[in-house]
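Examination of the molecular architecture
As a plain string of letters, each chain reads:
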Amino acid sequence: MNNKMHVNPKKEKNSKRRKKGSFSSQTVNLQDYFFMPEGTEFFFYTFYFLTIPYITGAIFLFFAVAGGDFANFMLLDMAQAFVVWAIGYEIVATVSLLWILSLYIRYDNEV
């Protein structure tokens, strides 16, 4: 008679997952993703917050609205900087949320 205990593989997987911690308990360091020298974080956060959405909105308007034609793009009223920034902000926010969702799905599947 064999006196060895058999471990349920499902319980072993669940215990490893619990030890790993939740997805939302991770620490996020933005310096891993963006260039930010020490001591100048405020300047770079502000710069990125203003420029990335504006450039994204201008690129979207160039391709989606102006059809990739520079003459048509110049006919657009680019003086409405807030509108261009808001369009870009929505695009950047959507891409960011999709990226976070993909990270969550990959994190949840890793054991």
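Residues numbered from 1 in each chain as written. Predicted model: local features only at pLDDT ≥ 70, side-chain atom pairs only at ≥ 80, totals over all residues. Heavy atoms only, no water.

Section: the overall build of the protein chain
Condition: The numbering of helices and of strands both runs from the N terminus, where a helix is a DSSP run of H or I of at least 4 residues and a strand a run of E of at least 2. Only protein chains enter the accessibility calculation, which uses a 1.4 Å probe; a residue whose area is less than 20% of its type maximum is buried, one above 50% is exposed, and one in between is partly exposed. The contact definition used throughout considers only heavy atoms, calling two residues in contact when any of these lie within 4.5 Å.
When you go through the protein chain residue by residue, the secondary structure sums to four helices and zero strands. If you list the helices and strands of the protein chain from N to C, you get α-α-α-α. The burial tally for the protein chain puts 13% of its 111 residues in the buried class. Of the contacts made within the protein chain by residues no fewer than 6 positions apart, 59% connect residues no fewer than 24 positions apart.

As for the packing of aromatic side chains
Going by this rule: For Phe, Tyr and Trp, where Trp contributes only its six-membered ring, two rings pair if their centres lie within 6.5 Å, and the inter-plane angle classes them as stacked under 30 degrees, edge-to-face over 60, or tilted in between.
Counting across every chain of the model gives 14 aromatic pairs. Between phenylalanine 35 and phenylalanine 44 the ring centres are 5.5 Å apart and the planes differ by 90 degrees, which places this aromatic pair in the edge-to-face class. Ring centres 6.0 Å apart and planes at 25 degrees place the aromatic pair phenylalanine 82 and tryptophan 85 in the stacked group. One end of the pair is phenylalanine 82 and the other is tryptophan 85, both in helix 4 (residues 81-109) and three residues apart, which spans about a single turn. An aromatic cluster of at least three residues, connected via ring pairs, comprises Phe34, Phe35, Phe43, Phe44, Phe47 and Tyr48.

With respect to helix 2 (residues 41-65)
The test is simple: In a helix, the anticipated span is given by 1.5 Å times the number of residues less one.
With 25 residues, helix 2 extends 35 Å between its outermost C-alpha atoms, agreeing within 8% with the 36 Å of an ideal straight helix rising 1.5 Å per residue. Every buried residue belonging to helix 2 is among Phe44, Tyr48, Pro53, Gly57, Ala58, Leu61 and Phe62, and all of these are buried. In the core, the buried residues of helix 2 are packed alongside helix 3 (70-75) and helix 4. Just downstream of helix 2, glycine 67 is the residue with a positive phi angle, here 70 degrees.

Regarding the layout of surface pockets
Rules: Two kinds of site are reported from a 1 Å grid over the protein atoms alone, namely cavities, where a 1.4 Å probe fits but cannot get out, and pockets, open sets with protein on both sides within 12 Å along at least five of seven lines, and residues are called lining when an atom falls within 4 Å of a point. Grid points are joined across faces, edges and corners, and a volume is the space filled by probe spheres set on the points.
A volume near 850 Å³ is recorded for the largest pocket. Around the largest pocket, the lining is made up of 23 residues, and of these Leu30, Phe34, Ser96, Trp99 and Ile100 lie nearest the centre. If you list the elements that add at least two residues to the lining of the largest pocket, you get helix 2 and helix 4. Counting residues per element, the lining of the largest pocket draws most heavily on helix 4, which supplies eight residues.

Overview of the nonpolar core
Rules: For the purposes of this section, nonpolar cores are sets of buried Ala, Val, Leu, Ile, Met, Phe, Trp, Tyr and Cys residues that join through side-chain atoms within 4.5 Å.
With six residues, the main nonpolar core is built from Ala58, Leu61, Phe62, Ala66, Phe73 and Val84. By residue number, the principal contributor to this core is helix 2, which donates three residues. Sequence-distant contacts of alanine 66, that is, excluding residues within four places in its chain, are made with Leu61, Asn72 and Phe73.

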